[in-house]
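# A closer look at the structure
The primary structure of each chain is shown beneath.
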Amino acid sequence: MIIDDQYYDIIIVGTGAGGGTLAYKLASTGKKILLLERGGFLPKEDENWNPTEVFRKERYHTHEQWYDNSGEPFRPQINYWVGGNTKVYGAALLRMREKDFEEVKHQEGVSPAWSLKYQDFEPYYTEAERLYEVHGKQGDDPTDPSRSVEYPYPPVRHETRMQEVCSAIASQGLHPAHLPLALKLNEADPSQSTCIRCNTCDGFPCKLHAKADAEVNAMLPAMQHSNITLKTEAKAVYLHTNPSGREVKAVEAEIGGASYLFLGDIIVLACGAMNSAALLLRSKNEKHPNGLANRSDQVGRNFMKHLITAIVQISRTPNPDGFQKTISVNDFYWGEPGFPYPMGHIQNTGNILQEMIPSEAPPILGLLSRLVPGFGLRQLATHSIGWWLQSEDLPDPNNRVRVSGDKLFLDYTQNNVEAHDRLIYRWTEVLKAVDQSAEQSVFNRGIYPRSDTPIQVVANQCGTCRFGSDPTTSVLDLNCRAHDLDNLYVVDGSFFPSIAAVSPALTIMANALRVGDHLIDRLK
């Protein structure tokens, strides 16, 4: 084993929404900081915008195998790059609602209260929105939480077809809102805009670095500071503690086939909810026989990843819009009359491109050939609008990450399914009304093709190292420090006690900034 000859004030494992944001926050302190990233820099190449390469061949996803609760292998849709999963995210950054931080009763259980509340996160949401250049508009969504300041950038405008759809949705008494988006976009002066509003944004890497992701907006600025060291292609495999077991003294990582040992005062994990939990479990020793920070037996448990369904709306009217992902609908977020339980969040997807259809939406093909003969892939793509429906996944200790030898297992069973099914039904009824009012539905029988996300879709992973005040029921304290170790922190989605229905990225970023303030005080 090679022992690195440097000693670091802080070692951060992972450079995504949590680790990259924390590095940015701490870079100006002058403290000696090492970042370990198991991937490299995602290359700028023509394939970035090639739907076949991105979706059918999964060019940018890891090739490793994980295993489900029946022992069947699957390839997770996860991305190991500087910037983590934000390199291919849809750039939608939404705040959790005030009530999301409280105990919420669902039809199939309870979403537990957080020990910190919305107001504890609000200033850090504001800071994160500035850092990631979020475009939005306060007030057009009835579920919007309170804000201390307006969004830092104006909302991304709806293009012609999306505006028509927005108006049709609003005519039903609903409140379609501008989706908050993290883009390097200047619509007032396009000559100064990095973003060109292309049709390859959601799910694609950006060849122009026009998405405000954790590499572009956090890591690259952080690396301008001489006290920041980044090692890529460096996979953390073990955390070594001191003899008492109260501190992590070193991170063992594999680089180029060799084992390296990196020493530091404070260790921060930001590997994603699955890999942070797996690293803790693999780092068991005599003082921690069940894995590090696992006295409560909660490490790896309460894994959450949202219930997600994609629905395709197909109309006779062509959809020429180049950048479609601008609409958010939360009218059913907390339920509806006659159903007093949360249902979920709706947003439109990026463009449905012809090359994406065979891999992303295979059920559409046979259905279309029966209902509309001669309606081919190109026509389908240019007459479609995609919708993304997302419902809260309730924490369940039996939904867990575990390791056995070199294998990583995800034991996962969906819950809260009926509420999600109700959201699908209600949104389908909304789309029927939109199409019937315009007399332009291809599917006069009211059929809207849809697909649910399989287990390998783990982009919104949360909950495996929940934070809390009670060390018997949580892994981390309220500063996201492990109860059992004095110098070990976790700043990815692992800390979530519940996942809410909006995507977790902005809350992960805000929390990293919050923990960053704590670490700055600790390092004084």
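This text follows the structure it describes.
Residues numbered from 1 in each chain as written. Predicted model: local features only at pLDDT ≥ 70, side-chain atom pairs only at ≥ 80, totals over all residues. Heavy atoms only, no water.

## Digging into the environment of V490
Relative to the helices and strands, V490 is located in strand β21 (residues 488–490). You can call V490 buried: its relative accessible area is 1%. C-alpha separation for the pair V490 and C480, spaced 10 residues apart in sequence, amounts to 5.7 Å. Apart from the residues within four sequence positions on either side, V490 is in contact with L269, S276, L476 and C480. (Helix = DSSP H or I, 4+ residues; strand = E, 2+ residues; numbered from the N terminus. Buried < 20%, exposed > 50% of the residue type's maximum accessible area, 1.4 Å probe, protein only. Contact = heavy atoms within 4.5 Å.)

## Re the packing of helix α3 (residues 118–131) against helix α11 (residues 505–522)
Between α3 and α11, the shortest axis-to-axis distance is 8 Å and the interhelical angle comes to 105 degrees. In this view, α3 runs roughly perpendicular relative to α11, as classed from their interaxial angle. Listed contacts from α11 to D120, F121, Y124, Y125, E127, A128 and E129 of α3 are L506, T507, M509, A510, N511, L513, R514 and D517. Of the residues in the contact of α3 with α11, the class split is 8 nonpolar, 2 polar and 5 charged. (Axes fitted to C-alpha atoms, helices over the stretch in contact; angles between N-to-C directions. Parallel < 35°, antiparallel > 145°, perpendicular 65-115°, else oblique. Nonpolar A, V, L, I, M, F, W, Y, C, P; charged D, E, K, R; others polar.)

## Notes on the sheet that holds strand β4 (residues 73–74)
The mixed open sheet is built from 4 strands, whose spatial order is β4-β3-β19-β18. Either end of the sheet is taken by a strand with one partner, and the two such strands are β4 and β18 (400–404). Note: strand β3 (residues 66–68) against strand β19 (residues 407–411), 2 bridges, orientation parallel. Pairing of D68 across the sheet is with L410, part of β19. (Pairing = 2+ DSSP bridges.)

## Notes on the packing of helix α1 (residues 19–27) against α11
For the pair α1 and α11, interaxial distance at closest approach is 8 Å and the crossing angle is 35 degrees. Pair α1 / α11 crosses with right-handed handedness. Residues T21, L22, K25 and L26 of α1 touch α11, and the partners they reach there are M509, A512, L513, G516, D517, L519 and I520. (Left-handed = near helix turned anticlockwise from the far one by under 90°.)

## Section: the nonpolar core
Membership of the largest hydrophobic core comes to 113 residues, with the highest contact counts inside it found for Y132 and L239. Looking at this core, the element that brings in the most residues is α11, giving 9 residues. Residues contacting Y132, with those up to four places away along its chain left out, are A17, T21, Y89, L93, A182, L183, A212, D213, A214, N217, A218 and M509. C166, I385, W387 and L423 belong to the second largest nonpolar core, which has 24 residues in total. (Core = buried A, V, L, I, M, F, W, Y, C linked by side-chain atoms within 4.5 Å.)

## Points about helix α6 (residues 273–282)
Counting buried residues along α6, 9 of its 10 residues qualify, which places the element largely inside the surrounding structure. Elements that come into contact with the buried residues of α6 comprise β3, β11 (234–241), β13 (258–269), β18, β19 and β21.

## With respect to the pattern of salt bridges
Tallying each qualifying case throughout the model produces 32 salt bridges. Here K117 makes a salt bridge to E102, at a shortest N to O gap of 3.4 Å. Residue K117 is located in the loop between β6 (109–111) and α3, and its partner E102 is located in the loop between β4 and β5 (104–106); the two are separated by 15 residues in the primary sequence. K117 gets classed as partly exposed once you look at its relative accessible area, which sits at 28%. (Salt bridge = Lys/Arg side-chain N within 4 Å of Asp/Glu carboxyl O.)

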